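Coordinate inspection notes
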Amino acid sequence: MTTESRAITRRSSLVPGVRVVVRAAALTALAGALLVALAAVVHGAEAAGAAAVGAALVVLVVSFGTLSLHVVASAMPTASLLVALVTYATQLAIVLLVFLAITRGDAFSSDQARGWLAAGMVLATLVWTAAHLVLTARERAPYFDLPPGGES
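All of the points below concern the structure found in this document. Source: prediction; values computed, not measured. (Residues numbered from 1 in each chain as written. Predicted model: local features only at pLDDT ≥ 70, side-chain atom pairs only at ≥ 80, totals over all residues. Heavy atoms only, no water.)

Right, let's talk about helix α3 (residues 80-104) for a bit. Between the first and last C-alpha of α3 there are 36 Å, a value that for 25 residues agrees with the 36 Å anticipated at 1.5 Å per step. Looking at the packing, one finds that the buried side of α3 touches α2 (45-75) and α4 (111-139). (Helix = DSSP H or I, 4+ residues; strand = E, 2+ residues; numbered from the N terminus. Expected span 1.5 Å × (residues − 1). Contact = heavy atoms within 4.5 Å.)

Running from N to C, α2 and α4 cross one another at 35°; their axes reach a closest spacing of 7 Å. Crossing of α2 over α4 shows right-handed handedness. For the contact of α2 with α4, the residue count by class is 14 nonpolar, 7 polar and 1 charged. (Axes fitted to C-alpha atoms, helices over the stretch in contact; angles between N-to-C directions. Left-handed = near helix turned anticlockwise from the far one by under 90°. Nonpolar A, V, L, I, M, F, W, Y, C, P; charged D, E, K, R; others polar.)

Next up on the list: the nonpolar core. Core analysis: the biggest nonpolar cluster contains 27 residues, and Ala39, Ala50, Trp116, Met121 and Trp128 have the highest contact counts within it. Breaking this core down by element, the ones donating at least two residues are α1 (14-43), α2, α3 and α4. At 10 residues, α2 tops the list of elements feeding residues into this core. Contacts of methionine 121, omitting those with residues within four sequence positions, involve Gly54, Ala55, Leu57, Val58, Val95 and Phe99. (Core = buried A, V, L, I, M, F, W, Y, C linked by side-chain atoms within 4.5 Å. Buried < 20%, exposed > 50% of the residue type's maximum accessible area, 1.4 Å probe, protein only.)

It is worth spelling out the packing of α3 against α4 at this point. Put simply, α3 and α4 touch, their axes get as near as 11 Å, and they point 165° apart. On the basis of their axis angle, the class for α3 and α4 is roughly antiparallel. When the axes of α3 and α4 are compared, the crossing they make is right-handed. For the pair α3 and α4, contact is made by Val95, Phe99, Ile102 and Thr103 and by Arg114, Leu117, Ala118 and Met121, respectively. (Parallel < 35°, antiparallel > 145°, perpendicular 65-115°, else oblique.)

Now the structure itself:
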């Protein structure tokens, strides 16, 4: 006589997070590419390079930080709020320091190029935020497990 097991196989909570990050990064890179094309048409190669650097910086920093947060949240859910706050502060500091290093250096000397650098960073941040919110809401990943036996 055998009985059915009530153990529920749960898929890893890391997989939906990775899928959301990859899709959000792809949408952000697409928006950055459109901005680079616009900068190239309007102000030339230096402006296009600046827009590309700005968008790529945001995509790389935010993608890495979000993936790190998903890894920690899947391993230790209780630490996810603290890690989220530290990750956000670190991302902000990295982007700000790189932006200051670029603008104070000789990489993009014209005001137009620096404007396109800032535009690339702002556009990438806005697109990333919107895409991440929409994709996370559509993923419908559960945030908690119900106790065995149904709702209580």
